[in-house]
Amino acid sequence: MSSHDTYYIPHKATWPVMATAGLMMFLAGFANYLNHSSIGSPMMMIGFAIFIVMLAGWFTLQATESESGMYSTQVGISFRMGMMWFIFSEVMFFAVFFGSLWYTRNLSVPWLGGEGIGAATKELLWPEFEAHWPTNGPAKLIKGMPTEDGEFEPMGAFGLPLLNTLILLTSGVTCTWAHHGLLAGHREQLIKGLIATVTLGFLFVAFQAFEYHEAYTEMGLTLGSGIYGSTFFMLTGFHGFHVCVGAIILSVVLFRSSKGHFKPENHFAFEAAAWYWHFVDVVWLGLFVFVYLI
Amino acid sequence: MSAVIAEHDHHDDDHAHGPEKGLLRWIVTTNHKDIGTLYLVFALTMFFVGGAMAMVIRAELFEPGLQFVEPQFFNSMTTMHALVMVFGAVMPGFVGLANWMIPMMIGAPDMALPRMNNMSFWMLVAGVLLLASTLFMEGGAPASGWTLYPPLVLQTGKALPFAIFSVHLLGISSIMGAINIIATIFNMRAPGMTLMKMPLFVWTWLITAFLLIAVMPVFAGAVTMLLTDKFFETSFFNAAGGGDPVLYQHIFWFFGHPEVYIMILPTFGVASTIIPVFARKPLFGYSSMVYATASIAFLSFIVWAHHMFTVGMPIAGELYFMYATMLIAIPTGVKVFNWTATMWKGSMTFETPMLFSIAFVVLFTLGGFTGLMMSIAPSDFQYHDTYFIVAHFHYTLVPASVFILMAAGYYWLPKWTGHMYNEKIGQLHFWLSAVSVNILFFPQHFLGLAGMPRRIPDYAVQFADWNMISSIGGFIFGASQLLFLYIVIDTVRGGTGEKVSDEVWEDAHKHGLEWTLPSPAPYHTFTTPPTVIPTEHI
């Protein structure tokens, strides 16, 4: 009959419980840390360590099973659907912060300045405030504190952000080039392409760290610089985190490729990593346009 | 649904893996039936935990004045009652049903991603544990209402980061569960089980899963901004920094409105599964049911601000959200019409699952009508934040989602356990619940219209009578649910002792593949897929 006969159903899963324990401990530790409790940091570290061990163990298990041919085409389709819908959930997560940027910039900041329904607000609360963007609000917040005339310098689009755009776009090309190598059975092209992609990914993160350093030390631009700083760092910060995750996934794929894993007809992990990488790429284009450029 | 198996396979026994021995079985299991059971037991437990909180609320409101609890604790109770019932009881209850029934209904050997299935359950437990831990913290559990509006919620004590991370864990759990359901339905159907032959329970869950994946990350994002506003100097919801507390409300309800449909769409699915069996007719208007479900899901994304009519939106916004909200009545009306038409001239019998389902159709419609009243923006200015709202959404949740979860329990318990439940006690449970739920919630309409606000531990004396009646109804309703607990335990341990047949209910095999399997369903089912052929029944 069809491939339905051989659908692989694993038994006795121990990694999921460990993943839950690690994540729960990490988050409980983080919460304690935020509450200034001394057990916070050690809990976070233990939880994180459990999570890393779990990741290594679970990835190894899946890789071993995959290489020993336990996954039929139908199982592969389930994995691919899982990854697609996971990426969709990530899209919605970023949509929240893009939406917040749009709402504050186009609606609530103008209302604060007295437009439309904000006429009375302006009169009663902050009569001197003139709506503009970028802004740190009527209280001119610097590092989260109200100031008399606190100012910050917004991040320009040209220079490092433009360079980073080119870096990420190039990494998307090298990733696809590596995929073509895999499909054609050219292992050297696969490995070279992946090395280039991972390197460009981490280079992007390094430049981004440099940009943050500039913002915090030179430009007075921090998470506490009102709504501009909040949206800027939240969007670019979560994106940077996702680039790190994507680069780490690609590193795992690179490691597996160097071990001779993946075949032209069976390489789900590579595809998942590549999809994730392109997703991160597209989010950056959105960021470049809406956060940096306009 | 109408489908039969042409050739029944008996390969169940030669499958190498049975369940693990002892407690470990439940921790490491990847079996959809085990995980379904875990979800259902967890949901039932949380139903009583959340119910106990509701009893605290109704006891305090029995008379005006402060009787039993501090106002702060009272507010924690309303908040935690809602969070526990939504995320701990109703949603996991339906996920448990999905786990048990979807593979059996579509002829699949298991869920598509069994390891992730295990993880989604344990993430749920972790999330609820974090949430429950806040009850014992300095400053008390969150007391802002389940909506967690800033700036009020930012005044929470040490509980705030725990509550926020609990939402993150619950979100991860729901998203993974939903991904699994979508992958199962799209990828694991038996040959011949086309999309438009799927039981409506499967259809409604497919659409619900899509809603979950779309909105749980939105809630996660919203609470993340609460976290950074409190601890990392951001000003998303702080007007002094150029932010806006109303922004939170928009984001929350962009999640929150689809969320209420996440709880009601699987309810519709179960009702559409049960009613035809006991009316002994095929479901009336199958395809219109599918399209109505999809329409409701679509509309749920574009009506969120009807929860915020009094917040001071531009008039264009008020009008748009008012008209868009009214549209929901159309697909919902289609559904109510179809359930009624299914029963029309049917050979109806009134076993407990059917009684709960009929009560659902009547009482959910009532809850829907009050929803229609509130969709009218100028009227809503009177209803907003009063007990009228409380009455409305409890009518759409308790005699709807909760009643249908009960109906599902009675309907499928014989298939799960191989035993018959005690019909007499079942019917007693139904009548006590159906009467007391109305004593509990109907007077709250009057209280709300007269102006009694929600989320307060004390009230003016003119509200005393109806509150006392409501509380009495609440106590009866709460106590009646112990009957359900008794029945579940009794049925698992042998029930009436009567041997149930494979189809359990007369001609049920015409309505769904699960009734072609033995009772109790073996540990592994459909390890080779059945051949589904359509019958004249559709």
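Residues numbered from 1 in each chain as written. Chains lettered and ligands numbered in written order. Predicted model: local features only at pLDDT ≥ 70, side-chain atom pairs only at ≥ 80, totals over all residues. Heavy atoms only, no water.

1. Description of the overall build of chain A
Right, on to step 1. Counting its secondary structure elements, chain A contains eight helices and zero strands.
Right, on to step 2. Reading the helices (α) and strands (β) of chain A from amino to carboxyl end gives α-α-α-α-α-α-α-α.
Right, on to step 3. Counting only C-alpha atoms, chain A reaches 75 × 45 × 40 Å along its principal axes.
Right, on to step 4. Here chain A holds 294 residues, and the buried ones make up 48% of them.
Right, on to step 5. Counting only contacts in chain A whose residues sit at least 6 apart along the sequence, the fraction spanning at least 24 positions is 70%.
Right, on to step 6. When the accessible surface of chain A is split by element, carbon and sulfur atoms take 71% of a total near 13,500 Å². (Helix = DSSP H or I, 4+ residues; strand = E, 2+ residues; numbered from the N terminus. Buried < 20%, exposed > 50% of the residue type's maximum accessible area, 1.4 Å probe, protein only. Contact = heavy atoms within 4.5 Å. Areas by Shrake-Rupley, 256 points an atom, 1.4 Å probe, with all protein chains shown as cover.)

2. Things to note about the pattern of salt bridges
Right, on to step 1. Following the criterion strictly, the structure yields ten salt bridges over all chains and no others.
Right, on to step 2. Between A:Glu67 and A:Arg256 there is a salt bridge, with its nearest N and O atoms 3.6 Å apart. Taken together, the positions of A:Glu67 in helix H2 (residues 40-67) and A:Arg256 in helix H7 (residues 226-258) put the pair 189 residues apart, joining distant regions of the chain.
Right, on to step 3. For A:Glu67, a relative accessible area of 25% translates into the label partly exposed.
Right, on to step 4. Under the relative-accessibility criterion, A:Arg256 is labelled buried at 12%.
Right, on to step 5. Among the ionic pairs, B:Arg25 bridges to B:Asp34, the shortest N-O distance being 2.7 Å.
Right, on to step 6. The class of B:Arg25 is partly exposed, set by a relative accessible area of 21%.
Right, on to step 7. Ionic contacts of the salt-bridge type, sharing partners, join the residues A:Glu67, A:Arg256 and A:Lys263 into one network. (Salt bridge = Lys/Arg side-chain N within 4 Å of Asp/Glu carboxyl O.)

3. Observations regarding the nonpolar core
Right, on to step 1. B:Phe87, B:Leu97, B:Trp205, B:Trp412 and B:Trp505 are the most contacted members of the largest nonpolar core, which has 266 residues in total.
Right, on to step 2. Both domain 1 (1-71) and domain 2 (77-293) of chain A contribute no fewer than three residues apiece to this core.
Right, on to step 3. Ignoring any residue separated from it by four or fewer positions in sequence, one finds B:Phe87 in contact with B:Pro92, B:Leu124, B:Trp146, B:Leu170, B:Met216, B:Phe219, B:Phe255 and B:Glu259. (Core = buried A, V, L, I, M, F, W, Y, C linked by side-chain atoms within 4.5 Å. Domains from an automatic or database assignment.)

4. Things to note about the interface of chain B and chain A
Right, on to step 1. The interface is formed by 71 residues belonging to chain B together with 69 residues belonging to chain A.
Right, on to step 2. Interface of chain B and chain A: buried area, both sides summed, is about 5,800 Å²; carbon and sulfur atoms make up 75% of it.
Right, on to step 3. At the boundary of chain B and chain A, one finds one salt bridge.
Right, on to step 4. Between B:Arg115 and A:Glu65 there is a salt bridge whose closest N-O contact spans 2.6 Å.
Right, on to step 5. For the pair chain B and chain A, the number of links is twelve residue pairs in polar contact (both at pLDDT 80 or more).
Right, on to step 6. Contributions of two or more residues to the side of chain B that touches chain A are made by helix H1 (24-28), helix H4 (114-133), helix H5 (159-187), helix H6 (200-231) and helix H7 (245-279) of chain B.
Right, on to step 7. Sort the elements by how many residues they give to the side of chain B that touches chain A and H6(B) lands first, with 13 residues. (Buried area = accessible area lost by both parts, 1.4 Å probe. Polar contact = N/O pair within 3.5 Å; in protein donor to acceptor, adjacent residues only side chain to side chain.)

5. Let's talk about helix H11 (residues 352-375) of chain B
Right, on to step 1. With 24 residues, H11(B) should cover 34 Å at 1.5 Å per step; its first-to-last C-alpha distance of 34 Å lies within 8% of that length.
Right, on to step 2. Counting buried residues in H11(B) gives 17 out of 24 residues, a clear majority hidden from the surface. (Expected span 1.5 Å × (residues − 1).)

6. Observations regarding unusual backbone geometry
If a residue is not glycine, its phi is most likely negative; likewise, a peptide bond is most likely trans.
Right, on to step 1. Cis geometry marks the peptide bond from B:Pro150 to B:Pro151; its omega dihedral reads 5 degrees.
Right, on to step 2. Looking at where B:Pro151 falls in the secondary structure, it is placed in the loop between H4 and H5.
Right, on to step 3. For the peptide bond that leads from B:Ser519 to B:Pro520, omega is -5 degrees, which places it in the cis range.
Right, on to step 4. One can find B:Pro520 in the loop between helix H15 (464-492) and strand S2 (532-534).
Right, on to step 5. The residue A:Lys143 is not glycine, and still its phi comes out positive at about 50 degrees.
Right, on to step 6. Among the structural elements, A:Lys143 can be located in the loop between helix H4 (119-124) and helix H5 (160-184).
Right, on to step 7. For A:Lys143, a relative accessible area of 48% corresponds to the partly exposed category.
Right, on to step 8. Positive phi outside glycine occurs at B:Lys345, with the angle close to 60 degrees.

7. Comments concerning the environment of B:Met119
Right, on to step 1. Structurally, B:Met119 can be placed in helix H4.
Right, on to step 2. Given the relative accessible area of 12%, B:Met119 is considered buried.
Right, on to step 3. Ignoring anything within four residues of it in the chain, the contact list for B:Met119 reads A:Pro16, A:Ala19, A:Thr20, A:Trp58 and B:Met176.

8. Re the domain arrangement of chain A
All names here are of chain A.
Right, on to step 1. What the domain assignment lists for chain A is domain 1 (1-71) and domain 2 (77-293).
Right, on to step 2. Between the C-alpha centres of domain 1 and domain 2 the distance comes to 26 Å.
Right, on to step 3. In this complex, domain 1 contributes seven residues to the contact, which on the side of domain 2 involves eight residues.
Right, on to step 4. Interface area for domain 1 against domain 2, summed over the two sides, is near 630 Å², with a carbon-plus-sulfur share of 49%.
Right, on to step 5. For the interface between domain 1 and domain 2, the tally reads two salt bridges.
Right, on to step 6. Counting across the interface, domain 1 meets domain 2 through two residue pairs in polar contact (both at pLDDT 80 or more).
Right, on to step 7. Residue composition of the side of domain 1 that touches domain 2, by class: four nonpolar, two polar and one charged. (Nonpolar A, V, L, I, M, F, W, Y, C, P; charged D, E, K, R; others polar.)

9. With respect to the packing of helix H3 (residues 71-106) of chain B against H7(B)
Residue and element names in this part refer to chain B.
Right, on to step 1. Two elements in contact, H3 and H7, have axes whose closest approach is 11 Å; the angle formed by their N-to-C orientations is 45 degrees. Our classification of the angle between H3 and H7 gives oblique. Here the hand of the crossing between H3 and H7 comes out left-handed. Residue-level contacts link Val86, Phe87, Val90, Met91, Phe94, Leu97 and Met105 of H3 to Phe255, Glu259, Ile262, Met263, Pro266, Thr267, Val270 and Thr273 of H7. (Axes fitted to C-alpha atoms, helices over the stretch in contact; angles between N-to-C directions. Parallel < 35°, antiparallel > 145°, perpendicular 65-115°, else oblique. Left-handed = near helix turned anticlockwise from the far one by under 90°.)

10. Quick notes on the side chain of B:Thr352
Residues and elements named next belong to chain B.
Right, on to step 1. Examined against the element boundaries, Thr352 turns out to sit in helix H11.
Right, on to step 2. Its relative accessible area of 0% is what places Thr352 among the buried residues.
Right, on to step 3. With near-sequence residues (within four places) excluded, Thr352 lies in contact with Tyr410, Tyr421, Glu423, Gly426, Gln427 and Phe430.

11. Let's talk about the packing of H7(B) against helix H13 (residues 387-417) of chain B
All names here are of chain B.
Right, on to step 1. Two elements in contact, H7 and H13, have axes separated by 9 Å at closest approach and are oriented at 50 degrees. Between H7 and H13, the crossing angle belongs to the class labelled oblique. For H7 against H13, the interelement crossing comes out left-handed. From H7, Met263, Ile264, Thr267, Val270, Ala271, Thr273, Ile274, Val277 and Phe278 reach across to H13, where they touch Thr396, Leu397, Ala400, Ser401, Ile404, Ala407, Ala408, Tyr411 and Trp412.
Right, on to step 2. In terms of residue class, the contact of H7 with H13 is made up of 14 nonpolar, four polar and no charged.

12. Looking at the state of the cysteines
Residues and elements named next belong to chain A.
Right, on to step 1. For the structure on display, the rule yields zero disulfides over all chains.
Right, on to step 2. Here Cys175 is not cross-linked by a disulfide; its sulfur's nearest cysteine counterpart is in Cys244, at 17 Å.
Right, on to step 3. Look at Cys244 and you get partly exposed, because its relative accessible area is 25%. (Disulfide = S-S within 2.5 Å.)

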